[in-house]
Amino acid sequence: MPRTPGQEPSAPSPGNDSGPFINLPWPAVGDDDEHLCLAVNVCDEPVLFPHDSPPRLEPGDILLGAAFPPDTLSRSESLALFRIPLCLLDASAADLREVAHTHLDGRSGLTSLVSQFLTALARTPRHQRVTGGRRLALNTADLVALLVRDVLQTRGRRPAPGGHEMLTRIQQHIQDNLMDPDLAPESIARAHHISVRYLHKLFQSGGTTVSAWIRQSRLDACRAELRGRRRTVAAVAHSWGFTSPSHFSRLFRQTYGITPRQWQATMSSDA
């Protein structure tokens with residue numbers, strides 16, 4: 001992305017932010033210190049890493065990681081570096097390990113969109129980023145969450161060609177019936193006239209299980225509702241099929257690194 005005369009440098013100077021990372025006003029979301037790191041090549045030339053993998057980042061390319069070595073951090077004149085709290089990405093620590101050291105081509109697709117956004121964000125003066133407030137930070141996290149999900153789906157095992165259409169229909173059926181507390185492999189298999197064994201096989205070929213897929217879908221739905229409404233945590237959990245509020249709270253914290261009450265309080269104060 002070439003610069004025009006009078007435009008700010010490709011990456012902000014070290015004085016604009018504390019340390020090498022671009023600061024955003026992230027909400028206080030618990031005490032979990034796990035982050036996803038992103039490095040975006042915002043200059044017009046490739047960036048070389050003689051001792052790292054990948055050894056070369058083309059303009060617009062993105063590098064994901066749980067942490068970056070000194071060779072990466074020292075290139076702040078060419079790279080925009082971000083640290084995003086993992087609990088804002090709908091991702092787990094296992095997901096973080098899975099996407100670590102991932103090199104993404106920034107010339108096309110979703111990576112290009114995210115790269116252009118982060119590049120523009122890095123070139124925005126710090127006081128303007130702060131003015132954008134938590135909403136700008138959360139929108140950034142939402143966009144990066146899409147990228148992480150895309151990487152995970154690309155790396156996951158794909159279902160066999162003959163079962164892909166069936167699996168898609170079943171997943172849509174589950175989404176349509178998430179509020180049913182009796183939703184279970186037996187009822188799902190019966191609704192699609194297949195055996196429970198074949199149902200499990202379809203999800204295993206996609207790299208997950210039926211129960212895990214249902215649970216994660218319900219957690220995502222609860223998280224989204226708690227972010228935008230003022231119903232109690234117990235009421236939200238019950239409406240999405242969780243019969244035990246305490247069990248729901250444990251699952252929520254294990255998945256996102258923050259309790260549902262903390263998440264709701266943070267989002268309510270932001271609103």
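Everything discussed here concerns the structure shown above.
Because the structure is a prediction, the values reported are computed rather than measured.

Cut-offs used in this document
Residues numbered from 1 in each chain as written. Predicted model: local features only at pLDDT ≥ 70, side-chain atom pairs only at ≥ 80, totals over all residues. Heavy atoms only, no water. Helix = DSSP H or I, 4+ residues; strand = E, 2+ residues; numbered from the N terminus. Buried < 20%, exposed > 50% of the residue type's maximum accessible area, 1.4 Å probe, protein only. Contact = heavy atoms within 4.5 Å. Areas by Shrake-Rupley, 256 points an atom, 1.4 Å probe, with all protein chains shown as cover. Axes fitted to C-alpha atoms, helices over the stretch in contact; angles between N-to-C directions. Parallel < 35°, antiparallel > 145°, perpendicular 65-115°, else oblique. Nonpolar A, V, L, I, M, F, W, Y, C, P; charged D, E, K, R; others polar. Pairing = 2+ DSSP bridges. Core = buried A, V, L, I, M, F, W, Y, C linked by side-chain atoms within 4.5 Å. Polar contact = N/O pair within 3.5 Å; in protein donor to acceptor, adjacent residues only side chain to side chain. Phe/Tyr/Trp six-rings, centres within 6.5 Å; stacked < 30°, edge-to-face > 60°. Lys NZ or Arg CZ within 6 Å of the ring centre and 35° of its normal.

S.K.: Account for the overall build of the protein chain, with residues named and values stated.
M.R.: Looking only at helices and strands, one finds 11 helices and six strands in the protein chain. Within the span of the protein chain, comprising 271 residues, buried residues form 43% of the whole. The contacts in the protein chain between residues at least 6 apart in sequence include a share of 72% that link residues at least 24 apart. On the protein chain, roughly 13,900 Å² of surface is accessible, and the fraction owed to carbon and sulfur atoms is 52%.

S.K.: Help me get a handle on the packing of helix α8 (residues 210-228) against helix α10 (residues 245-256), residues and values and all.
M.R.: Contact pair α8 / α10: the axes reach a minimum separation of 11 Å and the direction vectors enclose 90°. Between α8 and α10, the angle is such that the two are roughly perpendicular. Counting all contacts with α8, which are made through R215, Q216, L219, D220, C222, R223 and L226, the residues of α10 involved are F248, L251, F252, T255 and Y256. Looking at the contact of α8 with α10 residue by residue, the class counts come to seven nonpolar, two polar and three charged.

S.K.: Could you give me a rundown of the pairing of strand β4 (residues 62-65), with the residues and numbers involved?
M.R.: In β4, alternate side chains face the same way, and those of I62 and L64 on one face and L63 and G65 on the other are all buried. Pairing between strand β1 (residues 35-41) and β4: four bridges, direction antiparallel. Bridge assignment links V40 to a residue of β4, and that residue is I62. Pairing of β4 with strand β6 (residues 102-104), which is carried by three bridges, proceeds in the antiparallel orientation. Within β6, the position partnered with L63 by the bridge is H103.

S.K.: Break down unusual backbone geometry for me, with residues and values.
M.R.: Even without being a glycine, H101 presents a positive backbone phi close to 65°. Along the chain, the position of H101 falls in the loop between α2 (93-99) and β6. Overall, H101 belongs to the exposed group, its relative accessible area being 61%. In this structure, H193 takes a positive phi of about 55° despite not being glycine. Overall, the relative accessible area of 75% leaves H193 in the exposed class.

S.K.: Please provide a residue-by-residue account of the nonpolar core, values included.
M.R.: With 62 residues, the main nonpolar core has L38, L89, I170 and F248 as its most contacted residues. Here the element with the most residues in this core is helix α4 (residues 126-155); it accounts for nine residues. Residues contacting L38, with those up to four places away along its chain left out, are I62, L63, L64, F68, A80, L81, F82, I84, L118 and V144. With 11 residues, the next largest nonpolar core counts A39, C43, L57 and L63 among its residues.

S.K.: Tell me about the side chain of S217, residues and numbers included.
M.R.: Of note, S217 is situated in helix α8. Relative accessible area serves as the criterion here: at 9%, S217 is assigned to the buried category. A distance of 2.8 Å separates the side chain of S217 from the backbone oxygen of W213, its partner in a polar contact. If we ignore the near neighbours within four places in the chain, the residues touching S217 are Q175 and L178.

S.K.: Provide a residue-level description of the packing of aromatic side chains, including the pertinent values.
M.R.: Per the counting criterion, the structure on display carries four aromatic pairs. Aromatic pair F242 and F248: ring centres 5.0 Å apart, planes at 50°, arrangement tilted. Using a relative accessible area of 8% as the deciding quantity, one classes F242 as buried. For F248, a relative accessible area of 0% translates into the label buried. Here the basic side chain of R83 rests over the ring of F21, its NZ or CZ set 5.6 Å away from the ring centre. Here the guanidinium or amino end of R223 rests over the ring plane of Y256, the centre of that ring lying 5.0 Å away.

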